[in-house]
There are 2 protein chains.
Amino acid sequence: MKKFINRPEDVVKEELEGIALAYPELVKVNFNPNFIYRADAPVAGKVAVISGGGSGHEPMHGGFVGKGMLDAACPGEVFTSPTPDQMLEAAKKVNSGAGVLFIVKNYTGDVMNFEIAADLARAEGIRVLNILIDDDVAVKDSLYTAGRRGVGTTVLAEKICGAAAERGYDLKRVADLCRHVNLNGRSMGVALTPCTVPTAGKPTFTLGDDEMEVGIGIHGEPGRERMKMKTADEITEMLALSIIEDKEYRRTVREFNEEKGEWTDVELVSEPFRPGDKVLAFVNSMGGTPDIELPIIYRKLHEICEKKGLTIVRRLIGRYITSLEMQGISITLLRMNDELIDLWDAPVLTPALRWGM
Amino acid sequence: MKKFINRPEDVVKEELEGIALAYPELVKVNFNPNFIYRADAPVAGKVAVISGGGSGHEPMHGGFVGKGMLDAACPGEVFTSPTPDQMLEAAKKVNSGAGVLFIVKNYTGDVMNFEIAADLARAEGIRVLNILIDDDVAVKDSLYTAGRRGVGTTVLAEKICGAAAERGYDLKRVADLCRHVNLNGRSMGVALTPCTVPTAGKPTFTLGDDEMEVGIGIHGEPGRERMKMKTADEITEMLALSIIEDKEYRRTVREFNEEKGEWTDVELVSEPFRPGDKVLAFVNSMGGTPDIELPIIYRKLHEICEKKGLTIVRRLIGRYITSLEMQGISITLLRMNDELIDLWDAPVLTPALRWGM
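Here's a quick rundown of the structure. These numbers come from a predicted model, not from an experiment. (Residues numbered from 1 in each chain as written. Chains lettered and ligands numbered in written order. Predicted model: local features only at pLDDT ≥ 70, side-chain atom pairs only at ≥ 80, totals over all residues. Heavy atoms only, no water.)

1. Thoughts on the packing of aromatic side chains
Evaluation of the coordinates by the stated rule reveals 10 aromatic pairs over all chains. Considering the side-chain rings of tryptophan 344 of chain A and tryptophan 355 of chain A, the 5.5 Å spacing of their centres and the 55° angle between planes classify their relative orientation as tilted. On the criterion of sequence distance, the pair formed by tryptophan 344 of chain A in helix H8 (residues 338–345) and tryptophan 355 of chain A in strand S16 (residues 354–355) is long-range, its members being 11 residues apart. Judged by its relative accessible area of 3%, tryptophan 344 of chain A is buried. Accessibility expressed as a relative area gives 14% for tryptophan 355 of chain A, which makes it buried. Relative to phenylalanine 114 of chain B, the ring of phenylalanine 102 of chain B lies with its centre 5.3 Å away and its plane at 70°, an arrangement referred to as edge-to-face. Of this pair, phenylalanine 102 of chain B sits in strand S5 (residues 100–105) while phenylalanine 114 of chain B sits in helix H3 (residues 108–123), and the two are 12 residues apart along the sequence. Under the relative-accessibility criterion, phenylalanine 114 of chain B is labelled buried at 0%. The ring centre of tyrosine 169 of chain A lies 3.6 Å from the NZ or CZ of arginine 173 of chain A, which sits over that ring. (Phe/Tyr/Trp six-rings, centres within 6.5 Å; stacked < 30°, edge-to-face > 60°. Helix = DSSP H or I, 4+ residues; strand = E, 2+ residues; numbered from the N terminus. Buried < 20%, exposed > 50% of the residue type's maximum accessible area, 1.4 Å probe, protein only. Lys NZ or Arg CZ within 6 Å of the ring centre and 35° of its normal.)

2. Things to note about the sheet that holds strand S8 (residues 211–214) of chain B
Residue and element names in this part refer to chain B. Strand order across the open sheet formed by six strands is S9-S8-S7-S14-S12-S13, with mixed pairing between neighbours. At either end of the open sheet lies a strand with only one pairing partner, and these are strand S9 (225–228) and strand S13 (311–318). Across the sheet, the mean angle from the axis of one strand to that of its neighbour is 20°, orientation sign disregarded. Note: strand S7 (residues 185–191) against S8, two bridges, orientation antiparallel. Within the sheet, the bridge partner assigned to alanine 191 lies in S8 and is glutamate 213. Here helix H4 (residues 153–167) sits on the sheet in contact with S7, strand S12 (278–285), S13 and strand S14 (328–336), set at roughly 45° to S14. (Pairing = 2+ DSSP bridges. Axes fitted to C-alpha atoms, helices over the stretch in contact; angles between N-to-C directions. Contact = heavy atoms within 4.5 Å.)

3. Some remarks on the pairing of strand S6 (residues 128–133) of chain A
Residue and element names in this part refer to chain A. For S6, the tally of buried residues reaches six of six residues, placing the bulk of the element in the interior. Residues Val128, Asn130 and Leu132 point to one face of S6 and Leu129, Ile131 and Ile133 to the other, with burial holding for every one of them. Pairing of strand S5 (residues 100–105) with S6, which is carried by six bridges, proceeds in the parallel orientation. Bridging across to S6, valine 100 finds its partner in valine 128.

4. Here's the deal with the relation of the copies chain A and chain B
Between chain A and chain B, which share one sequence, the superposing operator has a rotation angle of 180° and an axial displacement of 0.0 Å; the RMSD is 0.0 Å. On this basis, the relationship between the two copies can be described by a two-fold rotation axis. Closest to the rotation axis within chain A is the C-alpha of glycine 288 of chain A, separated from it by 2.0 Å. Both copies contact each other with a shared surface, as 100% of the interface residues of chain A are interface residues in chain B too. (Least-squares fit on C-alpha atoms with pLDDT ≥ 70 in both.)

5. Concerning unusual backbone geometry
Residue proline 33 of chain B is reached from asparagine 32 of chain B by a cis peptide bond, and omega for that bond is 5°. As for its placement among the helices and strands, proline 33 of chain B is situated in the loop between strand S1 (27–30) and strand S2 (35–38). Notably, asparagine 32 of chain A is not glycine yet its phi reads approximately 50°, a positive angle. Note that asparagine 32 of chain A resides in the loop between strand S1 (27–30) and strand S2 (35–38). For asparagine 32 of chain A, a relative accessible area of 72% corresponds to the exposed category.

6. Considering the interface of chain A and chain B
Residue-level contacts link 58 residues of chain A with 58 residues of chain B. Between chain A and chain B, the buried area comes to about 4900 Å², and carbon and sulfur atoms account for 62% of it. Applying the counting rule to chain A against chain B returns eight salt bridges. Between aspartate 291 of chain A and arginine 319 of chain B there is a salt bridge, with its nearest N and O atoms 2.2 Å apart. Here chain A and chain B share 27 residue pairs in polar contact (both at pLDDT 80 or more) between them. Those elements giving two or more residues to the side of chain A that touches chain B turn out to be helix H1 (11–22), helix H6 (232–244), helix H7 (294–307), strand S13 (311–318), strand S14 (328–336) and S16 of chain A. Looking at the side of chain A that touches chain B, the element that brings in the most residues is H1 of chain A, giving eight residues. Residue classes in the side of chain A that touches chain B are distributed as 27 nonpolar, 13 polar and 18 charged. (Buried area = accessible area lost by both parts, 1.4 Å probe. Salt bridge = Lys/Arg side-chain N within 4 Å of Asp/Glu carboxyl O. Polar contact = N/O pair within 3.5 Å; in protein donor to acceptor, adjacent residues only side chain to side chain. Nonpolar A, V, L, I, M, F, W, Y, C, P; charged D, E, K, R; others polar.)

So, in structure tokens, the structure goes:
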């Protein structure tokens, strides 16, 4: 294992120390429990948006803390859920009184720990709503998941909900918007290489010199199929068609019902894409993919969307939700409407996303 | 070789097609000869800034085309200099009449081809000045270079000169500024892995499982020393001290003298860093390095700069001048003054760098 690290067990701590030194005008870092928060938090009257999850997916989530996006991010150890005390303390730090939205990727540990944190925060008088992201069409259940995994749509939900909170949407409305984004986003990824968790010291899985894992998870979880390498166009077509032709997806998730004061089961439905839809196209590098290859993917994706009657109205191309040094890419399509486009375009100023400020 | 490409010989063409589709509001692409240019070029009255070089270093240079930075970028094939017709046609396309600055990394092929292009453009009545970037302290001469190689300072020079051109600096003043930036910037890199040029199909060099190449070039050129892996802190210290303790560097370069109407030798001197200097600290990923590791490098760099009496007044952390999927990092320090800080902060809107717009 060759990495730019000191002791493997210090990676997250030292990363956070570096972030605190690197972006003092944007964020601050709290240690023990670990979280990154907006330098100007709490922002009076504004709903606070918090996310988190295992480290190793940088810039998600810590790189998205700042004006117009997240108020705080809670990083676990690499590929390990953060603990409830992190989200609880983050919520106490950034809550202005307008309440807190937890954006939670659908992994069993994350879901459980964000639920516990929400209960603890409510016990301290903080309004909290949890919204799940479960947008990965690759597999129904997975290594760490009941139901679909949460992947690329998370980045888009954080941007859009962050903008909405900045605009003054109240907690219920930001949560409804987040659920709406999740229901309208679909993703799928492919890996050419594994990655190595520093404390493990060896790759999470192995792949032959001519093989790829289609439908890979962001922690290296198995996907749909291991197959021989194909061309960029063929790979893009496999991912894009899996997303575009994905059928109606129904699932039951737990959300906190504020009127009843308890967690309740909610049935959610993702409608398939249809000709005429406007979409945001997100081509994401999983970390080790050279930048020269991403426009080659986008080129084919653009052609496929046109052929399928989808109009790409916004794009995001780069490395935003990664798996350490994994060479791989994922595609996310998010059905857009005027409100989402407007919120997407709103100014954002974070370490990893910045425009309009 | 596993890459997201179609035919290896189509990589650059298809990348450019993808860029044209992905960023239509920012850039346009000309094919045969290949160059990327600002969608709104030529900008009336503004000096045009053009750079270029082999592909494989994305986002440099094509990702830096847009408002506040480059007017055009000329990509060669991967790790191969662009040809003079590319720069000539780019100059004709973006010249507003205020003249063109060519920012040229010091590699023999690039230097020659940009000189030829400048002569051809002058023959067509376009004022052109060429300024070299030769900031890599690792080695005196190298595989493709007489003198030091041009690396990380190129990115900073493109941003700063682009801002100056936008502000209305005339050609002479933008060229003087570019030379000043080069003389005040120093860089050095290290690689943990090689990379594979698509048309070659195999790694540019080999490195043992416990080895790194210190002083690596951006095309995989040998550096100062191959050694056993060290910790992030030790590696950062090696690079930072090589930069900070680099002595006065004198060299003779060719620049075009407009008064004499001919290329003339100019002696240039880079002064060493001194306690009290303000610097921009640039921690660059060479492509495959996980984002989680960059703040760990910055953390140590910050400490070393403080210890050496250098004040970091601006920072750039991310992947900006890469070598395909190479896992490696480089550090650049640029001595800043009020003018440079002001130009650095000026708005920029390109695919890869955007703020303030």
